[in-house]
Amino acid sequence: MNKTYITTAIPYVNGAPHIGHAMDYCLADVYARYRRLSGDEVKFQAGVDEHGNKIFQKANDLGIPVEEYVADNAKKFMEFIEKLDASYTDFIRTTDVDHGRRCQEIWRRLSDHIYKAKYEGWYCSGCERFITQKEYDENNGICPDHQKPYEKLVEENYYLRISDFKDKIRAAIETDEMLILPDFRKKEILKLLEESPDVSISRSTEQLTWGVPVPGDDTQVMYVWIDALSNYITILGYPDEDINEWWPAAAQFVGKDILRFHAIIWPAMLIGLGLPLPKVLLSHGFILANGQKMSKSIGNVVDPIEVLEKHGLDAFRYYFLKHADTFADSDFTWEKFENAYNNELANDLGNLVQRLATLAKKNGIVLTETPEFHFDAKYIELMNAFEFSKTFEYVWGKVQDINKRIDEEKPWSLAKNGETEKLQECMQSLIFDLLNVNYMLSPFIPQTTERIFEIFENPIAPPEAPLFPKD
Ligand code: MSP
């Protein structure tokens, strides 16, 4: 059996989840379900990133012990993933003891590529990242993501010598050995790679204590990225266990803002450890609220639980997997969400199921064969290219086609004219078509599709309440 390992970015636990966080889980889940239905055994990692200054500060501001604060938020993320019905198999917290110990071993194994040096320059505490003079000048000294002035920092840190790995990383990206999606991001990364300096991978304990201690130097703790990125393999047991069974990952899902860490630091670490690179790095776009970046200061952060509760899980998944383009930024507004629910889910799919099941019951239709399901060639092509929103659109076209077929073939006239055999044939063919489309929809909206399969089991039983009730 083919083994497929799928990973998602681990969010910082300095707050509750927002709708943007759903993207990694929803996309990875579609892929996981698709691969399982294609016969693979799938391991699907999820987790939380619990170290770093921002989190420590936040807990302090709230007057809560940091361990308690991260445990509370980790729980919120886990509950959120469950609510999304993301079919993860493994969950990691970067404060797990095994993770910390394994990270230290990873550090030791990378030590030929690590050196200590003094840094004097700009820093953004929002990004937890050093800023080059060029970036500083381009942004006039203010971080565009956090709207905060860059800070001056003088500090002695450990560095990972990215220059040791640049040629290999470049070759892996250019040849698609590590495929970066979408293609325009690949070009951006190749440019960034050329300009990339060595990266700082530790902080002085005077600045930060909430992190994994650097082995052999108690004045420094690991800075978030080495700790965070290692999660993808420590969760598999590396380096205590052989991870060849699962590694390299088939696909790693991240948002566009953190692709650079996954496409530069992460492969550098893997090459340094003598491990293969992930096959695919997929960078998805951002969810905006009313066309604007969501931020607490603007006060436009959309609460995912509210969206989930409005029309249920599959309305949520429908919107974020179909209306949100997989690779570009997309907008969430309540109006667009309501329109998608009423005009598409309820009218196209909900009505189709109701219509066919009611007609079948009324005319005593019984399925005389067991339907067999398959993904068609176009679907497979799109899915294998990770074009999830396009695949969803493609299948939705098929939902609409069945609605048209019913209008054209008018099974009710066959019933009226007493053409029983023709009616049975027509209805069974329509239902089989719907069920195969339902099968192709199942990675996207798993709960609804399960319900639809039940409805069309003999004896066919139309739902008592509409699948997607309108207000
Ligand atoms: N802790 C790091 C990731 C470490 S991975 C080894 C981090 N955390 S985060 O909480 O800021 O982001 C978690 C994920 O959510 C990232 O993939 C990020 O791109 C994604 N998103 C955060 N805001 C988002 C939107 N508004 N829209 C879509 N995705 C967004 O970065």
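Given the structure is predicted, the values throughout are model-derived calculations rather than measurements.

(A) Looking closely at the layout of surface pockets. For the second largest pocket, the calculated volume is near 180 Å³. Lining of the second largest pocket is provided by 16 residues; of these, K3, T4, P248, A250 and K279 occupy positions nearest its centre. Mapped onto the lining of the second largest pocket, the elements with two or more residues apiece are β1 (3–8) and α1 (22–37). No other element matches β1, which puts three residues into the lining of the second largest pocket. The residue makeup of the lining of the second largest pocket, split by class, is eight nonpolar, three polar and five charged.

(B) Inspection of helix α9 (residues 259–273) at higher detail. An ideal rise of 1.5 Å per residue puts 21 Å on 15 residues; α9 measures up with 20 Å between its terminal C-alpha atoms. Roughly 30° is the biggest bend found in α9, and it falls at W266, with proline P267 one to four residues downstream. For α9, the tally of buried residues reaches 12 of 15 residues, placing the bulk of the element in the interior. Those residues of α9 not exposed but buried are L259, F261, H262, A263, I264, I265, W266, P267, A268, M269, L270 and L273. With its phi angle positive at about 75°, G274 sits one or two positions after the end of α9.

(C) Examining the pairing of strand β13 (residues 251–255) more closely. Of all five residues that make up β13, five are buried, and the element is covered over most of its length. Note that β1 and β13 share three bridges and pair parallel. Looking at β13, one finds that T7 is bridged to Q252. Here β13 pairs with strand β14 (residues 280–284) via four bridges, running parallel. Directly across from F253, in β14, lies its bridge partner L282. For the crossover from β13 across α9 to β14, the handedness is right-handed.

(D) Spotlight on the environment of E151. Tracing the sequence through the fold places E151 in strand β8 (residues 151–160). Along the sequence, E151 and Y123 sit 28 residues apart, while their C-alpha atoms lie 5.1 Å from each other. Setting aside its immediate chain neighbours within four residues, E151 contacts G121, W122, Y123 and S125.

(E) Examining the pattern of salt bridges more closely. Inspection of the entire model under this criterion finds 36 salt bridges. R35 is paired through a salt bridge with D40; the nearest N and O atoms lie 2.8 Å apart. On the basis of relative accessible area, R35 is assigned to the buried category, the value being 16%. Linking R405 and E409 is a salt bridge whose minimum nitrogen-to-oxygen distance equals 3.0 Å. Taken as a pair, R405 and E409 lie in helix α14 (residues 388–409) at a separation of four residues, close to a single helical turn. Within the structure, one salt-bridge network assembled from shared partners comprises D29, R33, D85 and R317.

(F) Up close: the sheet that holds strand β9 (residues 179–181). Strand order across the open sheet formed by six strands is β3-β2-β1-β13-β14-β9, with parallel pairing between neighbours. With partners counted over all chains shown, the strands left at the sheet margins are β3 (90–93) and β9, one partner each. Strand after strand, the sheet turns through a mean of 20° between neighbouring axes, direction not considered. In the sheet, strand β2 (residues 41–48) pairs with β3 via four bridges, with the strands oriented parallel. Note that in β3 the partner of Q45 across the bridge is D90.

(G) Region of the structure containing the packing of aromatic side chains. This structure, assessed with the given rule, holds 37 aromatic pairs. Taking the centre distance of 6.4 Å and the plane angle of 55° together, the rings of Y31 and F253 count as tilted. One end of the pair, Y31, is in helix α1; the other, F253, is in strand β13, and 222 residues separate them in sequence. Given the relative accessible area of 0%, F253 is considered buried. Here the aromatic rings of W122 and Y136 are separated by 4.0 Å at their centres, their planes lie at 15°, and the arrangement is stacked. Taken together, the residues W122 in strand β4 (residues 114–124) and Y136 in helix α5 (residues 133–138) connect sequence positions 14 residues apart. Grouping aromatic residues by their ring pairs yields a cluster made of Y31, Y34, F253, F373, F375, Y379, F386, F388, Y439 and F453. Lying over the aromatic face of W122, K152 brings its terminal NZ or CZ to 4.7 Å of the ring centre. Directly above the aromatic system of Y223 lies the positively charged group of R203, at a separation of 3.9 Å from the ring centroid.

Procedures and definitions
- Residues numbered from 1 in each chain as written.
- Predicted model: local features only at pLDDT ≥ 70, side-chain atom pairs only at ≥ 80, totals over all residues.
- Heavy atoms only, no water.
- 1 Å grid on protein atoms, 1.4 Å probe; cavity = no way out; pocket = protein on both sides within 12 Å on 5 of 7 lines; lining within 4 Å.
- Points joined across faces, edges and corners; volume = space filled by probe spheres on them.
- Helix = DSSP H or I, 4+ residues; strand = E, 2+ residues; numbered from the N terminus.
- Nonpolar A, V, L, I, M, F, W, Y, C, P; charged D, E, K, R; others polar.
- Expected span 1.5 Å × (residues − 1).
- Bend = angle between axes of the 7 residues up to and from the residue.
- Buried < 20%, exposed > 50% of the residue type's maximum accessible area, 1.4 Å probe, protein only.
- Pairing = 2+ DSSP bridges.
- Right-handed = clockwise from strand over helix to strand, strands pointing away.
- Contact = heavy atoms within 4.5 Å.
- Salt bridge = Lys/Arg side-chain N within 4 Å of Asp/Glu carboxyl O.
- Axes fitted to C-alpha atoms, helices over the stretch in contact; angles between N-to-C directions.
- Phe/Tyr/Trp six-rings, centres within 6.5 Å; stacked < 30°, edge-to-face > 60°.
- Lys NZ or Arg CZ within 6 Å of the ring centre and 35° of its normal.

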